[in-house]
Amino acid sequence: MTWVERLTVYEKLMRLDTPIGTLLLLWPTWWALWLASGGMPAPWTLFVFTAGVWLTRSAGCVINDYADRWLDPHVKRTKDRPLATGAVSGRQALALFAGLMLVAFALVLTDINMPGLDGYGLARALRARGVSVPIHGATANADPAERQRCEEAGMQGVLVKPITLEALQRLLTRITNGQPPVADHQAQPAHVISNDASPPLQVNPKMQALFVQTMQADLDSLRDAINAADPGRVAQVLHRIRGALVIVGAPALVDSGLHIEQRIAQGDGLAALAGRLDGFQHGLLRLLAPLLDDAMPSSPDDTTPP
């Protein structure tokens, strides 16, 4: 089979000869782009999404035929498809599918501390190969030095964990509109807790009493560790509290606790961190305050109907 014949077969496998499916998928995609951009989207954004639709639809057709390769030869409508006739092997179809999906990977969102090849190495490797797509790292380290290291590796920005849907939506909206990224928490250092009203904690009402009880016990453990001048124990309790706060949505306090843990790991004494530890405890108490009344059991002589 010549290269021209092989390309013709691949074209048929990807349904390029019947583009109606691609057009049906492009219609809502373009609508979404125009609505999200408030008008004509940036040319590069329009190209990326259009090419992405074409590539992923083609890949979907290939993997669909691969899954039905034993059935298609027995169906009149599909018996002439390349996989059904044997013009393309299963391995070739999988290779084509993988290639299409790799090309469609137009936005890279990579975790910084991956095993083997970390996010910095991946970003540098992609840039060295001339890849110019947006690359944004995901990390639990809110230190400004970490952000600088990511930018030096070739990333446009960093998302600090826990990553909320709102933060991800803001990032994708800015990329879609062709705007430069804005760093998370750039208005103030990560260890500073804003005095502004924080959003309420997202705690399941059925778990509220247990959550408050656990947080109060952890606060007592934190105070005991501070009074015992045990930095290792302080870091351990902070880590446990942060794990719970990630789930219920308290990113500023999570970042504050992480900063204290990092300072302890760097050898800072508890005396030097006293102000930040006090701020962390008061911040947690402020977040717990709205839950305390709800979690408090009613007294026996309480006549207020439930």
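First, a word on what this report is: a plain description of the structure on this page. (Residues numbered from 1 in each chain as written. Predicted model: local features only at pLDDT ≥ 70, side-chain atom pairs only at ≥ 80, totals over all residues. Heavy atoms only, no water.)

A short note on the overall build of the protein
Tallying secondary structure elements over the protein gives 12 helices and 3 strands in all. Contacts in the protein between residues far apart in sequence, at least 24 positions, make up 63% of those at least 6 positions apart. Approximately 18,100 Å² of the protein is accessible, and the part contributed by carbon and sulfur atoms is 61%. (Helix = DSSP H or I, 4+ residues; strand = E, 2+ residues; numbered from the N terminus. Contact = heavy atoms within 4.5 Å. Areas by Shrake-Rupley, 256 points an atom, 1.4 Å probe, with all protein chains shown as cover.)

Structural notes on the pairing of strand β3 (residues 157-160)
Across the two faces of β3 the burial is the same, with Gly 157 and Leu 159 and Val 158 and Val 160 all buried. Sheet topology note: the strand β2 (residues 135-139)/β3 ladder contains 4 bridges and is parallel. Residue Gly 137 lies in a different strand from β3, and its bridge partner there is Val 158. (Buried < 20%, exposed > 50% of the residue type's maximum accessible area, 1.4 Å probe, protein only. Pairing = 2+ DSSP bridges.)

With respect to the pattern of salt bridges
Per the counting criterion, the structure on display carries 8 salt bridges. In this structure, Lys 79 engages Asp 80 in a salt bridge whose closest nitrogen and oxygen atoms are separated by 3.7 Å. Look at the salt bridges and you will find they share partners, linking Arg 15, Asp 65, Asp 72 and Arg 81 into a network. (Salt bridge = Lys/Arg side-chain N within 4 Å of Asp/Glu carboxyl O.)

Details of the packing of helix α9 (residues 208-227) against helix α10 (residues 231-248)
In contact at an axis separation of 9 Å, α9 and α10 are set at 155° when each is read in the N-to-C sense. Classified by the angle between their axes, α9 and α10 sit roughly antiparallel to one another. Crossing handedness for the pair α9 and α10: left-handed. Across from Phe 211, Met 215, Asp 218, Ser 221, Leu 222, Ala 225 and Ile 226 in α9, the residues of α10 making contact are Arg 233, Val 234, Val 237, Leu 238, Arg 240, Ile 241, Ala 244 and Val 248. (Axes fitted to C-alpha atoms, helices over the stretch in contact; angles between N-to-C directions. Parallel < 35°, antiparallel > 145°, perpendicular 65-115°, else oblique. Left-handed = near helix turned anticlockwise from the far one by under 90°.)

Regarding the nonpolar core
Leu 201, Phe 211, Val 234, Leu 245, Phe 280, Leu 284 and Leu 288 are the most contacted members of the largest nonpolar core, which totals 29 residues. If you list the elements that add at least two residues to this core, you get α9, α10, α11 (251-265) and α12 (274-295). It is α10 that provides the largest number of residues to this core, a total of 8 residues. In this structure, Tyr 10, Met 14, Leu 83 and Leu 100 belong to the second largest nonpolar core, which totals 12 residues. (Core = buried A, V, L, I, M, F, W, Y, C linked by side-chain atoms within 4.5 Å.)

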